[in-house]
Amino acid sequence: MIDNEYELVESYKKRVNDATNEDHDPLLASSSNQDVQFFVSDYELQQATATPFSCIINLANTILGTGMLAMPSAMASVGIIPGIFLILLSAAASGIGLYFLSRCAARTEGRQASFFAISKLTWPKVAVLFDLAIAIKCFGVAVSYLIIIGDLMPQVIISFTNHSDLAYFLTDRRFWITLFMLTLVLPLSFLRKLDSLKYTSIIALFAVVYLCIIVIYYYISPNYPPPPVEDIEYFTVSSSLFGHLPVFVFSFTCHQNIFSVYNELRDNSKKSISKVTCLSIGSSAFIYEGIAILGYLSFGKNVLSNIIMEYPSSYFVAGGRLAMVILVVFSYPLQAHPCRASLDKVFQTTHKSHHPSAFKYFAMTTAILIASYIVAITVTKLDVVLSFVGSTGSTTISFILPGLFYYKIHQNDPWRLGKVISVILAVYGILIMVFCLTFNVLRVVNH
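Residues numbered from 1 in each chain as written. Predicted model: local features only at pLDDT ≥ 70, side-chain atom pairs only at ≥ 80, totals over all residues. Heavy atoms only, no water.

The protein chain appears in an unreviewed UniProt entry as Amino acid transporter transmembrane domain-containing protein from Rhizopus delemar. In its Sequence similarities (unreviewed entry) section, the UniProt record describing the protein chain reads: "Belongs to the amino acid/polyamine transporter 2 family." Taken verbatim from the UniProt record of the protein chain, the Subcellular location (unreviewed entry) comment is "Vacuole membrane". (UniProt positions renumbered as here; feature names shortened; annotations may be inferred.)

Here you go:
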């Protein structure tokens with residue numbers, strides 16, 4: 001439901017615009033313009049209730065998802081030393097992209113920053129295409145979360161109970177996807193503000209801690225010996241790098257939510273946004289490094305793409321799998337939120353309203369939920385699809401768009417360091433997209 005204050009703001013804006021354009025009320029046109037700007041700014045500030053802590057939690061939760069499970073396998077494809085370097089490189093590049101987007105957001109009007117708004121300032125003719133690409137990327141990640149629920153929950157139930165006494169539907173992946181969709185995913189996805197998800201994000205981050213405990217325990221436990229020495233490689237050169245490189249990029253992608261952070265953070269100054277970015281990216285990189293190194297040292301170069309599946313069945317591990325289910329359940333709305341925002345810009349028929357109507361909001365959210373549910377219950381493996389999403393959508397919103405936006409806004413400025421780095425970042429993203437996408441296409445064709 002649209003707030004009465006927001007309707008009042010829009011009504012007041014329209015009144016002043018009509019007075020100015022039609023020139024039938026000079027007094028209103030001359031004196032009320034400053035009043036409405038103050039009123040709108042005050043309204044927007046009242047809606048900005050997010051704190052740096054809540055923004056860090058939400059961004060970290062967006063980052064720390066399925067990437068954790070695949071990071072040891074990604075490191076195994078390149079070796080320990082290059083793996084450590086690629087994690088740090090991806091974190092740094094992702095942080096630079098977030099910085100560029102936040103600086104571009106400062107050029108937009110009020111607290112209405114979005115990919116669409118910046119696209120209209122820089123590349124207006126393709127603004128809709130940018131938002132469509134972002135929506136598709138977020139939708140694909142949301143689907144992967146539902147698939148993880150369907151894959152892990154039957155194993156959790158089997159671990160906690162006697163398999164022979166189970167009703168058949170308790171081991172059916174479709175049952176668990178449906179149950180979690182109806183009870184948790186659906187109501188959380190209808191929340192309008194990203195800041196409303198800060199408490200679920202805190203709960204989800206406990207799952208991250210749980211996974212770290214599992215990885216550390218099985219690494220140091222004398223009951224589980226390490227793999228043979230020849231299974232641990234410090235450097236390795238293989239074409240599989242191009243298949244796993246999108247995992248490093250994908251794992252740090254949270255750029256779809258940086259504009260919600262900018263709009264909702266009460267102090268959205270350059271210093272405050274930079275602090276949120278550095279802490280969320282830095283803490284995530286530290287966790288990724290730990291899980292990747294210890295997971296790889298525990299199982300060697302043949303480690304599975306989902307590290308939680310490597311560990312022996314027990315109550316302890318089953319609890320970790322359940323924690324990962326909780327993590328992806330609470331991470332789904334963090335993908336649905338920017339997906340809906342981008343779709344709103346794609347289907348936007350007027351630029352006079354910054355928020356969708358109640359019906360449009362409900363329709364878009366329902367469409368996202370239903371479509372992702374149908375895909376998740378019909379497709380069991382999305383590894384190839386996600387590799388395409390990582391090499392296209394993630395590189396686009398993490399590197400290419402931030403670089404292009406920042407360069408375009410500073411096109412007429414001298415070639416300072418920021419402008420040079422923005423070009424390098426965009427080129428870096430394009431190269432990753434070309435090489436990784438080509439590799440994935442050839443892999444599909446060969447198979």
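**A short note on the pattern of salt bridges**
All chains considered together, the criterion is met by 4 salt bridges. Arg173 is paired through a salt bridge with Asp151; the nearest N and O atoms lie 3.9 Å apart. Residue Arg173 is located in helix 8 (residues 173–189), and its partner Asp151 is located in helix 7 (residues 127–160); the two are separated by 22 residues in the primary sequence. On the accessibility criterion, Arg173 (14% relative accessible area) is buried. (Salt bridge = Lys/Arg side-chain N within 4 Å of Asp/Glu carboxyl O. Helix = DSSP H or I, 4+ residues; strand = E, 2+ residues; numbered from the N terminus. Buried < 20%, exposed > 50% of the residue type's maximum accessible area, 1.4 Å probe, protein only.)

**Focus on a nonpolar patch on the surface**
On the surface, a cluster of nonpolar side chains totalling about 720 Å² of accessible area is made up of Phe242, Trp415, Val420, Val423, Ile424, Val427, Leu431 and Phe435. Sorting elements by how many residues they give to the nonpolar patch places helix 16 (residues 417–446) first, with 6 residues. Tracing the chain through its elements places Val423 in helix 16. (Patch = residues over 30% accessible without salt bridge, like charges linked within 9 Å, V, L, I, M, F, W, Y side chains within 5 Å. Areas by Shrake-Rupley, 256 points an atom, 1.4 Å probe, with all protein chains shown as cover.)

**With respect to the packing of helix 13 (residues 315–346) against helix 14 (residues 358–378)**
Helix 14 packs onto helix 13 with a crossing angle of 125 degrees between their chain directions and a minimal axis gap of 10 Å. Classified by the angle their axes make, helix 13 and helix 14 are oblique. For helix 13 against helix 14, the interelement crossing comes out right-handed. On helix 14, the residues touching Tyr332, Ala336, Cys339, Arg340, Leu343 and Asp344 of helix 13 are Lys360, Tyr361, Met364, Thr365, Ile368, Leu369 and Ser372. Its residues assigned to classes, the contact of helix 13 with helix 14 comprises 8 nonpolar, 2 polar and 3 charged. (Axes fitted to C-alpha atoms, helices over the stretch in contact; angles between N-to-C directions. Parallel < 35°, antiparallel > 145°, perpendicular 65-115°, else oblique. Left-handed = near helix turned anticlockwise from the far one by under 90°. Contact = heavy atoms within 4.5 Å. Nonpolar A, V, L, I, M, F, W, Y, C, P; charged D, E, K, R; others polar.)

**Here we look at helix 6 (residues 115–122)**
Regarding helix 6, the residues found buried are Phe115, Phe116, Ile118, Ser119 and Thr122. All buried residues of helix 6 fall inside an arc of 165 degrees around its axis, so they share one side. (Arc of directions from axis to C-beta.)

**Section: the environment of Thr49**
Here Thr49 lies in the loop between helix 2 (26–47) and helix 3 (52–63). C-alpha of Thr49 to C-alpha of Leu265: the two residues are 216 residues apart in sequence and 6.3 Å apart in space.

**A short note on the nonpolar core**
If you look at the biggest cluster of nonpolar residues, it comprises 113 residues, and the most contacted ones within it are Met68, Ile149 and Tyr332. Per-element tally for this core: the top contributor is helix 7, with 15 residues. (Core = buried A, V, L, I, M, F, W, Y, C linked by side-chain atoms within 4.5 Å.)

**Quick notes on helix 14**
A turn of α-helix holds 3.6 residues, and therefore any two residues three or four places apart point the same way. In this model helix 14 runs 31 Å from its N-terminal to its C-terminal C-alpha over 21 residues, within 8% of the 30 Å that 1.5 Å per residue would give. Regarding helix 14, the residues found buried are Tyr361, Met364, Thr365, Ile368, Leu369, Ser372 and Ala376. Buried residues in helix 14, looked at end-on, bunch into an arc of 125 degrees, giving them a common side. Exposed and oriented more than 90 degrees from the buried face of helix 14 are Phe359 and Thr378. Against helix 7, helix 8 and helix 13 lie the buried residues of helix 14. (Expected span 1.5 Å × (residues − 1).)

**Some remarks on the packing of helix 5 (residues 80–105) against helix 16**
Across the interface, helix 5 lies against helix 16 with an axial gap of 11 Å and an inter-helix angle of 120 degrees. Between helix 5 and helix 16, the angle is such that the two are oblique. Where helix 5 crosses over helix 16, the two elements pack in a sense that is left-handed. When helix 5 is examined against helix 16, the residues Leu89, Ala93, Ile96, Gly97 and Phe100 are found in contact with a partner set consisting of Gly418, Ile421, Ser422, Leu425 and Tyr428. Among the residues making up the contact of helix 5 with helix 16, the classes are represented as 7 nonpolar, 3 polar and no charged.

**Describing the environment of Ile308**
Along the polypeptide, Ile308 turns up in the loop between helix 12 (270–299) and helix 13. Judged by relative accessible area, which is 0%, Ile308 ranks as buried. Separated by 13 residues in sequence, Ile308 and Arg321 have C-alpha atoms that sit 6.9 Å apart.

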